[in-house]
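# Summary of structural features
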Amino acid sequence: IFDSILNVLNLKEEKIPVEVKKLLNEREKARENKDWQKDDEIRNTIRKLGYLVEDSDTGQKIKRI
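Taken as a whole and judged by the stated rule, the model has zero aromatic pairs. The side chain of arginine 64 reaches across the aromatic face of tyrosine 51, ending 4.9 Å from its centre.

Moving on to the confidence of the model for the chain. On average, residues of the chain score 85 in pLDDT, and 80% of them reach the 70 mark or higher. Here residues 1-5 scores under 50 on pLDDT; set against residues more than four positions off or in separate chains, the count is six contacts.

A word on the environment of leucine 23. Positionally, leucine 23 belongs in helix H2 (residues 18-32). The class of leucine 23 is buried, set by a relative accessible area of 13%. Apart from residues no more than four positions distant in its own chain, leucine 23 is found in contact with Ile42, Thr45, Ile46 and Leu49.

Rules behind the numbers
- Residues numbered from 1 in each chain as written.
- Predicted model: local features only at pLDDT ≥ 70, side-chain atom pairs only at ≥ 80, totals over all residues.
- Heavy atoms only, no water.
- Phe/Tyr/Trp six-rings, centres within 6.5 Å; stacked < 30°, edge-to-face > 60°.
- Lys NZ or Arg CZ within 6 Å of the ring centre and 35° of its normal.
- pLDDT = per-residue confidence, 0-100.
- Contact = heavy atoms within 4.5 Å.
- Helix = DSSP H or I, 4+ residues; strand = E, 2+ residues; numbered from the N terminus.
- Buried < 20%, exposed > 50% of the residue type's maximum accessible area, 1.4 Å probe, protein only.

What follows is the structure, given as C-alpha cells:
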C-alpha cells in the first residue's frame, strides 16, 4: 500500500534484454580466459546499453543505470 501511493520502491524485477544477456555470457568466458581487455570492452558495451555490471563472490550482478 505504501509504495502504491508514493511509488518509491522498485519491487518489480526488471527483464534484462537478450542482447545484454549474451554480452554477459561473453564477458564471463573472457574472464575465465583471463582476457581482461575483452572483459573491459564488453563491460563498456553493456554500460552504453544502460546497464552496470558488478562482480561479486556469487558472480556477475547487473542493474539498470
